[in-house]
Structure formats: structure tokens, C-alpha cells
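Observations on chain architecture
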Amino acid sequence: RFRTFAERVADVNALATRQIGYLDENIEGENMQEAYLQRTVRNLARRNRTAHFQNLVIALKPLIRTMPLIVHHMKDIVDTVLTHLQMENQGAMVPILHVLGDIP
């Protein structure tokens, strides 16, 4: 028998609570060399999937892998966060402020 689109959609089982992560994340065990800022950015990126915040994560990711890198690239990190903070996107404002507050 022919089923309408609404009947077909009603039969679909979709799990919308699945978390998508990056392939290079160390999910099984905590990396002892991981910086607190990197952990914060990763956790916020899981909760905020806006394109604006994801662009910030992509820009920060190579700069915040370890504490020595953070110290070395402090000016670049702050400039990147402030640049993204000035963009007009209210969906990513709170997590960006959270990142700014966690910069050592």
C-alpha cells in the first residue's frame, strides 16, 4: 500500500542525543599533558555546535594543545578570542566569554 510522507516520517527512529567528536580527540583516557584551556574548549565545542564557535575552535586548536604552547601563543590566543567576541553572533557569545575567562 502507498504510504504518505507523514507516515514514513513517523516510522523513522532517530537518536538525536549522540555526541559527535573530532577524530583526533583522546576520548578513552585523559592526556596528562592536556591543558585545562584545551579541555574547556573541547567540552564547550561538544555543547555549542554553531558555525561561529566551531570556527573559533578550529583557530584555537593548534595553539592550545599544551601549556607551553599556550604561554608561547598567548597574544594570538587572546586576539583570536577577542576577534570572535566582536562578531555579531549571540549564539556563541556565552561560550566565547567562558573561553576568555579560562585563559591563564
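Structural notes, computed from the coordinates. All of these numbers come straight from a predicted model, not from anything done at the bench.

A word on the overall build of the protein chain
Across its full length, the protein chain carries six helices and zero strands. Listing every helix and strand of the protein chain by position from the N terminus yields α-α-α-α-α-α. Counting all 104 residues of the protein chain, 32% fall into the buried class. The long-range share in the protein chain, meaning contacts at least 24 apart out of those at least 6 apart in sequence, stands at 58%.

Details of the packing of helix α5 (residues 74–86) against helix α6 (residues 93–102)
At a minimum axis separation of 10 Å, α5 and α6 run at an interaxial angle of 160 degrees. The angle between α5 and α6 falls in the class roughly antiparallel. Between α5 and α6 lies a crossing whose hand is left-handed. Contact residues: α5 offers V81, L82, H84 and L85, while α6 offers M93, I96, L97, V99 and L100. When the residues that make up the contact of α5 with α6 are grouped by side-chain class, the tally is eight nonpolar, one polar and no charged.

A word on helix α2 (residues 36–47)
The terminal C-alpha atoms of α2 lie 17 Å apart, and with 12 residues this matches the ideal 16 Å at 1.5 Å per residue to within 8%. Taken residue by residue, α2 has L37, Q38, T40, V41, R42, L44 and A45 as its buried positions. On the buried face of α2, the contacting elements are α3 (51–60), α4 (67–72), α5 and α6.

Some points on α6
Within α6 the residues assigned to the buried category are M93, P95, I96, V99 and D102. Lining the buried residues of α6 we find α2, α3 and α5.

Remarks on the nonpolar core
Counting residues in each nonpolar core, the largest one holds 20 residues, and the members touching the most others are L37, F53, L60, I64, I77 and V99. Taken together, the elements giving at least two residues each to this core come down to α2, α3, α5 and α6. Once residues lying within four places of it in the same chain are set aside, the contact partners of I77 are L37, L60, L63, I64, I70 and I103.

A closer look at the packing of α2 against α6
Across the interface, α2 lies against α6 with an axial gap of 10 Å and an inter-helix angle of 170 degrees. Compared by their axis directions, α2 and α6 come out roughly antiparallel. Contacts between α2 and α6 involve Y36, L37, T40, V41 and L44 on the former and, on the latter, P95, H98, V99 and D102. Among the residues making up the contact of α2 with α6, the classes are represented as six nonpolar, two polar and one charged.

Focus on the side chain of N48
Mapping N48 onto the fold places it in the loop between α2 and α3. Ignoring any residue separated from it by four or fewer positions in sequence, one finds N48 in contact with F53, Q54, G91, A92 and P95.

About the criteria used
Residues numbered from 1 in each chain as written. Predicted model: local features only at pLDDT ≥ 70, side-chain atom pairs only at ≥ 80, totals over all residues. Heavy atoms only, no water. Helix = DSSP H or I, 4+ residues; strand = E, 2+ residues; numbered from the N terminus. Buried < 20%, exposed > 50% of the residue type's maximum accessible area, 1.4 Å probe, protein only. Contact = heavy atoms within 4.5 Å. Axes fitted to C-alpha atoms, helices over the stretch in contact; angles between N-to-C directions. Parallel < 35°, antiparallel > 145°, perpendicular 65-115°, else oblique. Left-handed = near helix turned anticlockwise from the far one by under 90°. Nonpolar A, V, L, I, M, F, W, Y, C, P; charged D, E, K, R; others polar. Expected span 1.5 Å × (residues − 1). Core = buried A, V, L, I, M, F, W, Y, C linked by side-chain atoms within 4.5 Å.

Shape descriptors only; they carry no functional weight alone.
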